[in-house]
Amino acid sequence: MSTFQPGQATVFHAASEIAQLTRAWRKLARPVVLVPTMGALHAGHLSLVTQAKRIPGALVVVSIFVNPTQFGPSEDLAAYPRTLETDVEKLRAIGADAVFAPAAEEMYPHGPRTMITPGPLGDILEGASRPGHFAGMLTIVHKLMQLSHCTHAIFGEKDYQQLLLVQQMVTDLNLDVQVIGSAIVRETDGLALSSRNAYLSTEQRELALTLSAALTAGAYHAGQGPEAVLAAAQAVLEAQPSIAVDYLELRGAQLGDVDPRGANRLLVAARIGSTRLLDNVGIDFGSEEVTGQPRPS
């Protein structure tokens with residue numbers, strides 16, 4: 001078993017070892033905070049770890065696992081960046097306690113058999129574009145929660161539908177875990193941080209700014225109502241025909257019908273070259289408050 005040193009991002013590869021550590025921590029009546037990732041860590045991931053460390057007395061466990069069951073047959077599983085050594089260095093620098101980095105055989109010793117069904121919320125938006133994705137995601141998150149004995153789990157709001165589905169799973173399966181959403185972290189020019197940004201060429205990265213620009217345009221028309229929000233965002237995207245838009249939708253905060261007097265979410269998914277990117281912004285028609293996207297000066 002790896003020699004555990006708090007704050008030193010001790011790496012564990014075996015499920016039994018991380019379970020032994022976290023079980024012992026819970027017996028001390030101390031919280032365990034799980035930050036699930038697929039690695040290729042950037043400032044957005046690190047902000048989740050920093051947030052986790054603010055929970056008093058917590059053991060912060062970061063999982064790094066490129067989960068094969070949430071990738072479709074035409075998606076980038078083999079090409080997905082794997083940078084474990086660099087990731088561990090970053091986590092050690094900010095004081096993460098443990099890193100769980102299992103092999104696929106460790107997490108699925110019998111293959112992908114029992115899976116969690118996401119229900120209707122998993123069939124829309126990303127679920128419609130990526131059939132089976134959310135079943136794979138929820139299954140691995142559930143396994144990680146069980147192995148880590150976590151009291152808290154932190155997810156970024158960039159994958160907004162994912163966050164809602166994890167919250168739904170925890171509620172519906174009576175898991176004793178507090179799910180915490182963390183605000184989107186962006187580059188200074190507005191681009192939402194994503195591991196897939198590494199795939200973009202210089203020209204493609206510039207083009208990718210169109211997504212946040214579209215959301216900003218939509219948000220600034222919140223005072224004119226839902227139709228104006230969508231029209232403004234759509235106009236920005238249509239000005240760049242080389243961007244293949246998968247969807248641009250305005251939905252309620254729980255991804256149901258739009259609430260014309262309350263909180264909503266404007267979401268976009270698009271392909272820049274061969275790279276598929278997501279972004280979203282919160283819009284409250286009641287207060288005209290915009291969340292998830294900085295206002296330009």
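The numbering scheme is per chain: residues are counted from 1 as the chain's sequence reads. Thresholds applied to this predicted model are a pLDDT of at least 70 for local features of residues and 80 or more for the giving and counting of side-chain atom pairs; totals over whole chains, interfaces and linings are not thresholded and use all residues. To obtain the side-chain values, all non-hydrogen atoms of the structure were used and water was disregarded.

## Brief notes about the UniProt feature "binding site: beta-alanine" (unreviewed entry) in the protein
UniProt positions are given in the numbering used here, feature names are shortened, and annotations may be inferred rather than shown by experiment. Under the local residue numbering, the UniProt record ascribes the feature "binding site: beta-alanine" (unreviewed entry) to Gln70. Helix numbers and strand numbers start at the N terminus; a helix is a DSSP run of H or I with at least 4 residues, a strand a run of E with at least 2. Tracing the chain through its elements places Gln70 in the loop between β3 (59–64) and α3 (84–93). Think of it in three bands: with a 1.4 Å probe and only protein chains considered, a residue is buried below 20% of the maximum accessible area for its type, exposed above 50%, and partly exposed in between. Residue class for Gln70 comes out buried when judged on its relative accessible area of 9%. Only heavy atoms enter the contact rule, under which two residues are in contact if any of them lie within 4.5 Å. If sequence neighbours within four positions are ignored, Gln70 has contacts with Met38, Glu75, Arg130, His133, Gly136, Met137 and Ile140.

## Description of the layout of surface pockets
Here a cavity denotes grid points, spaced 1 Å and computed from the protein atoms alone, that fit a 1.4 Å probe unable to get out, and a pocket denotes an open set having protein on both sides within 12 Å along at least 5 of 7 lines; residues with an atom within 4 Å of a point are the lining. Grid points are joined across faces, edges and corners, and a volume is the space filled by probe spheres set on the points. Of the voids in this model, the second largest pocket is the one considered here, and its volume is about 240 Å³. Along its surface, the second largest pocket is lined by 17 residues, and Ile64, Phe65, Val66, Arg82 and Pro102 are the ones closest to its centre. Under the grouping applied here, Gly and all other residues not named as nonpolar or charged are polar, the nonpolar ones being Ala, Val, Leu, Ile, Met, Phe, Trp, Tyr, Cys and Pro and the charged ones Asp, Glu, Lys and Arg. Its residues assigned to classes, the lining of the second largest pocket comprises 13 nonpolar, two polar and two charged.

## Considering the sheet that holds β3
A pair of strands is treated as paired once DSSP finds two or more bridges between them. Read from one edge of the open sheet, six strands run β1-β4-β3-β2-β5-β6, paired in parallel fashion. The two strands at the open ends of the sheet, each matched to only one other strand, are β1 (10–12) and β6 (178–182). Neighbour-to-neighbour, the strand axes of the sheet open up by a mean angle of 25°, direction not taken into account. Direction of pairing for strand β2 (residues 32–37) relative to β3: parallel, over a ladder of six bridges. The residue of β3 that forms the bridge with Leu34 is Val61. With axes taken as lines fitted to C-alpha atoms, and helix axes fitted only over the stretch in contact, angles between N-to-C directions fall between 0 and 180 degrees. Against the sheet, helix α1 (residues 15–27) makes contact with β1, β2, β3 and β4 (98–100), and its axis sits at roughly 160° relative to β3, the strand it touches most. Against the sheet, helix α6 (residues 133–148) touches β2, β3, β4, β5 (152–156) and β6, its axis set at about 150° to β2.

## Description of α1
Helices are assigned an expected span. That span is 1.5 Å times one less than the residue count. Between the first and last C-alpha of α1 there are 18 Å, a value that for 13 residues agrees with the 18 Å anticipated at 1.5 Å per step. When we look at burial in α1, the residues that qualify are Ala15, Glu17, Ile18, Ala19, Leu21, Thr22 and Trp25. If you follow the buried residues of α1, they end up packed against β1, β2, β3, β4, α4 (104–107) and α6. Ala29, located one to two residues past α1, shows a positive phi value of around 60°.

## Considering the UniProt feature "active site" (unreviewed entry) in the protein
Mapped onto the present numbering, the UniProt feature "active site" (unreviewed entry) falls at His45. Mapped onto the fold, His45 is located in helix α2 (residues 43–53). Using a relative accessible area of 14% as the deciding quantity, one classes His45 as buried. Beyond its immediate chain neighbours, meaning those up to four positions away, His45 contacts Thr37, Gly39, Ala40 and Ser195.

## Digging into unusual backbone geometry
Look at Ala40: it is not a glycine, yet its phi comes out positive at around 50°. Tracing the chain through its elements places Ala40 in the loop between β2 and α2. Located in the positive-phi region is Leu255, a residue other than glycine, with phi close to 70°. Inspection of the secondary structure puts Leu255 in the loop between β7 (244–252) and β8 (263–272).

## Regarding the packing of α6 against helix α7 (residues 160–172)
At their nearest, the axes of α6 and α7 sit 10 Å apart, and the two run at 55° to each other. Between α6 and α7, the crossing angle belongs to the class labelled oblique. The way α6 lies across α7 gives a crossing that is right-handed. Residues Phe134, Met137, Leu138, Val141, His142 and Met145 of α6 form the contact with α7, whose own contacting residues are Gln161, Gln162, Leu165, Val166, Met169 and Val170. When grouped by side-chain class, the residues that make up the contact of α6 with α7 number nine nonpolar, three polar and no charged. For classification purposes, an angle smaller than 35 degrees is called roughly parallel, one larger than 145 roughly antiparallel, one from 65 to 115 roughly perpendicular, and anything else oblique. Crossings are assigned a handedness: left-handed for a near helix turned anticlockwise from the far helix by less than a right angle, right-handed for a clockwise turn.

## Re the domain arrangement of the protein
If you check the domain split of the protein, you get domain 1 (10–182) and domain 2 (195–284). Here the C-alpha centroids of domain 1 and domain 2 sit 26 Å apart. Taken together, the contact pairs 21 residues of domain 1 with 16 residues of domain 2. Buried area: the sum, over both parts, of the accessible surface (1.4 Å probe) that disappears when the two are put together. Between domain 1 and domain 2, a total of about 1,600 Å² is buried, with carbon and sulfur atoms accounting for 50% of that surface. Taken as a group, Leu125, Glu126 and Tyr160 account for 37% of the area that domain 1 buries against domain 2, more than any other trio of residues on that side. Whenever Lys or Arg places a side-chain nitrogen within 4 Å of a carboxyl oxygen from Asp or Glu, that contact is recorded as a salt bridge. Taken together, the links from domain 1 to domain 2 amount to two salt bridges. All domain edges in this entry derive from an automatic or database-based domain assignment.

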